[in-house]
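# Examining the three-dimensional arrangement
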Amino acid sequence: MSAYRWKSFAENEDRPSKPRRYGVTEMRSPDYSLFNHNVLQDIFESMGEYVDGLKFSGGSHSLMPKSLIKQVIDMAHHHDVYVSTGDWAEHTIPKGPSAFKDFVEDCKQMGFDTIELNVGSLGIPEETLLRFVRLIKSGGMKAKPHFEVKIKESDIPRGTHRAFGAYTPPAPRSSEFVEDVDLLIRRAERCLEAGADMIMIDADDISKHADNMRADLIAKIIGRLGIEKTMFEASNQRTSEWFIKQYGPNVNLFIDHSDVVDVECLRGRSLGRNHASVLGSSYFLF
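Predicted model only: the values in this text are computed from it and were never measured. (Residues numbered from 1 in each chain as written. Predicted model: local features only at pLDDT ≥ 70, side-chain atom pairs only at ≥ 80, totals over all residues. Heavy atoms only, no water.)

## A few points about the overall build of the protein
Counted only if it meets this: Numbering of helices and strands runs from the N terminus, with a helix taken as a DSSP run of H or I at least four residues long and a strand as a DSSP run of E at least two residues long. Contacts are assigned to residue pairs that have any heavy atoms within 4.5 Å of one another. Shrake-Rupley sampling with a 1.4 Å probe provides the accessible areas, and residues are treated as covered by the protein chains on show and by no other component.
Across its full length, the protein holds ten helices and ten strands. Put simply, of all contacts in the protein between residues at least 6 apart along the chain, 73% involve residues at least 24 apart. With an accessible surface of roughly 13700 Å², the protein has 49% of that area assigned to carbon and sulfur atoms.

Written as structure tokens, this is what we have:
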């Protein structure tokens, strides 16, 4: 079997060690049907140095007993990996005005580090979103608003008052979506001012496919928000490769757990010309 020389952070001065403020790799948890200690333990023990965060996928933690959630969180923390709730906060909205505060407290008690707020799914007024960010921060956790580049047409302020939070007469609700990256950026800036730690950018309509990347929008978002405060969802290894080639190893990426090896090889660029070949010999670590 061919021997591969494992990369060293010392070979790349731009790649900091954990805890990282940039060059962050957050991974999607394995599908809950495979969610067991062995899967995560194998990932953490072999690649834990290169995984910064774990995000529960699709509200999978809602199907698990709290005792198991706590065990998974403790395992992640043992490897210096933060844990995010993923997209689940929106399910608290129909339960009443105090439900979100209770949700934050529950997350804190279980040991979550980050609460993600899917702005499109929440469907709440802008000032309420900012209040949620402040509630998360006051609870001692990190807040990560999640934005999509397409916004419901009825949510876009009308007339000359386009400032985030400005009063506008209510518009009829619409299911039509329109692209408005400027509004996304203004909303994200306001969230950062309220204390949000990172802004997640959804892959839909911006980075879903490597052959159709919206380089103009991505450059505008990074230019306004900064590379340290922005995380992009990379749907597959090819989109991860595009981001790293364009913005270097410091770009923050949310990836599938199966892409951790490839992404770190791309960040380091020291495992040979064909990083995909690592897949055939990297899981010798497991």
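## Here we look at the packing of aromatic side chains
Given two aromatic rings, one states the distance between the centres and the angle between the planes to describe the pair. Counted only if it meets this: Between rings of Phe, Tyr and Trp, where Trp is taken as its six-membered ring, a pair exists when centres lie within 6.5 Å; planes separated by under 30 degrees are stacked, by over 60 edge-to-face, and by other angles tilted. Burial classification: accessible surface area is computed with a 1.4 Å probe over protein chains only, and a residue below 20% of its type maximum counts as buried, one above 50% as exposed, and the rest as partly exposed.
The final tally for this structure, using the stated rule, is six aromatic pairs. Measuring from centroid to centroid gives 5.5 Å for Phe56 and Phe112, while their planes differ by 65 degrees, and the two rings are edge-to-face. Note that Phe56 is positioned in the loop between strand S2 (53-55) and helix H2 (66-78) and Phe112 in the loop between helix H3 (99-110) and strand S4 (114-118), a separation of 56 residues in sequence. Assessed through its relative accessible area of 0%, Phe56 is described here as buried. Each member of the aromatic cluster is reached from another via a ring pair, and the members are Phe232, Trp242, Phe243 and Tyr247.

## Concerning the nonpolar core
Most often, soluble globular proteins keep nonpolar side chains buried together rather than apart. Spelled out, the test is: Here, the term nonpolar core denotes a set of buried Ala, Val, Leu, Ile, Met, Phe, Trp, Tyr and Cys residues that are joined through side-chain atoms within 4.5 Å.
Grouped together as the largest cluster of nonpolar side chains are 66 residues, with contacts concentrated most on Phe44, Leu117, Ile221, Phe232 and Leu253. In terms of nonpolar packing, the next biggest core, distinct from the first, is built from five residues, Val24, Met200, Met231 and Phe254 among them.

## Considering the packing of H2 against H3
Stated formally: As a rule, the C-alpha atoms of each element are fitted with a line to give its axis, helices using only the stretch in contact, and angles between N-to-C directions run from 0 to 180 degrees. Any angle from 65 to 115 degrees is called roughly perpendicular, while one under 35 is roughly parallel, one over 145 is roughly antiparallel, and all others are oblique. Residues are grouped as follows: nonpolar covers Ala, Val, Leu, Ile, Met, Phe, Trp, Tyr, Cys and Pro; charged covers Asp, Glu, Lys and Arg; every other residue, Gly included, is treated as polar.
At a minimum axis separation of 9 Å, H2 and H3 run at an interaxial angle of 60 degrees. In terms of orientation, H2 lies oblique with respect to H3. Across the interface between the two elements, Lys66, Ile69, Lys70 and Ile73 of H2 pack against Asp106, Gln109 and Met110 of H3. Among the residues forming the contact of H2 with H3, the class breakdown is three nonpolar, one polar and three charged.

## What about the environment of Leu129?
In this structure, Leu129 sits in helix H5 (residues 126-138). Judged by relative accessible area, which is 4%, Leu129 ranks as buried. A C-alpha to C-alpha distance of 9.9 Å links Leu129 and Asn118, two positions eleven residues apart in sequence. Non-local contacts of Leu129, meaning those with residues more than four positions away in its chain, are made with Leu117, Val119, Leu122, Ile124 and Cys191.

## Quick look at unusual backbone geometry
Each neighbour pair has its own omega, and for Lys18 with Pro19 the value is -5 degrees, a cis peptide bond. Positive phi values are uncommon outside glycine, yet Asp80 reaches one of about 55 degrees. Structurally, the position occupied by Asp80 is in the loop between H2 and strand S3 (82-87). In this model, Asp205 sits at a positive phi of 65 degrees, which is unusual for a non-glycine residue. Judged by relative accessible area, Asp205 falls into the partly exposed class, the value being 39%.

## Brief notes about the sheet that holds strand S1 (residues 25-28)
Cut-off, in case you're wondering: Paired strands, in this sense, are two strands between which DSSP finds at least two bridges.
Strand order in the closed barrel made by the eight strands is S1-S2-S3-S4-S5-S8-S9-S10, with parallel pairing throughout. Between one strand axis and the next, the sheet turns through 25 degrees on average, direction left out of account. Sheet strands in contact with helix H7 (residues 215-225) are strand S8 (199-201) and strand S9 (230-233), and its direction is about 155 degrees off that of S9.

## Concerning the packing of H5 against helix H6 (residues 181-193)
Using the following cut-off: What makes a crossing left-handed is the near helix being turned counterclockwise from the far one by less than a right angle; a clockwise turn instead makes it right-handed.
Their axes nearest at 9 Å, the elements H5 and H6 cross at an angle of 35 degrees. Along this stretch, H5 crosses H6, giving a crossing that reads as right-handed. Between H5 and H6, the contacting residues are Glu126, Glu127, Leu129, Leu130 and Val133 on the first element and Arg187, Arg190 and Cys191 on the second. In the contact of H5 with H6, the residues fall into four nonpolar, no polar and four charged.

## A closer look at the environment of Met47
Here Met47 lies in helix H1 (residues 37-47). Placed 214 residues apart in sequence, Met47 and Val261 show a C-alpha to C-alpha distance of 7.4 Å.

## Focus: the confidence of the model for the protein
What counts, and what does not: Here pLDDT means the predictor's own confidence in every residue, given as a number from 0 to 100.
Taken over all residues, the pLDDT of the protein has a mean of 81, while the share at 70 or more is 74%. Note on residues 1-12: pLDDT is under 50 here. Beyond four places in sequence and across chains, it has 22 contacts. Scored below 50 in pLDDT, residues 270-286 shows 27 contacts in the model against residues more than four places distant or in partner chains.

## Points about the pattern of salt bridges
Rules: Within this document, salt bridges are pairs made up of a side-chain nitrogen of Lys or Arg and a carboxyl oxygen of Asp or Glu, the two lying within 4 Å of each other.
Here the structure, examined in full by the defined rule, presents 16 salt bridges. Linking Lys144 and Glu26 is a salt bridge whose minimum nitrogen-to-oxygen distance equals 2.4 Å. Placement of Lys144 in strand S5 (residues 142-147) and of Glu26 in strand S1 is noted, with a sequence separation of 118 residues between them. According to the relative accessible area criterion, Glu26 is buried, its value standing at 0%. With a closest N to O distance of 3.0 Å, Asp74 and Lys70 form a salt bridge. Separated by four residues within a single helix, Asp74 and Lys70 lie in helix H2, roughly one turn from each other. Several salt bridges share partner residues, and in doing so they unite Arg28, Glu233 and Asp256 into one network.

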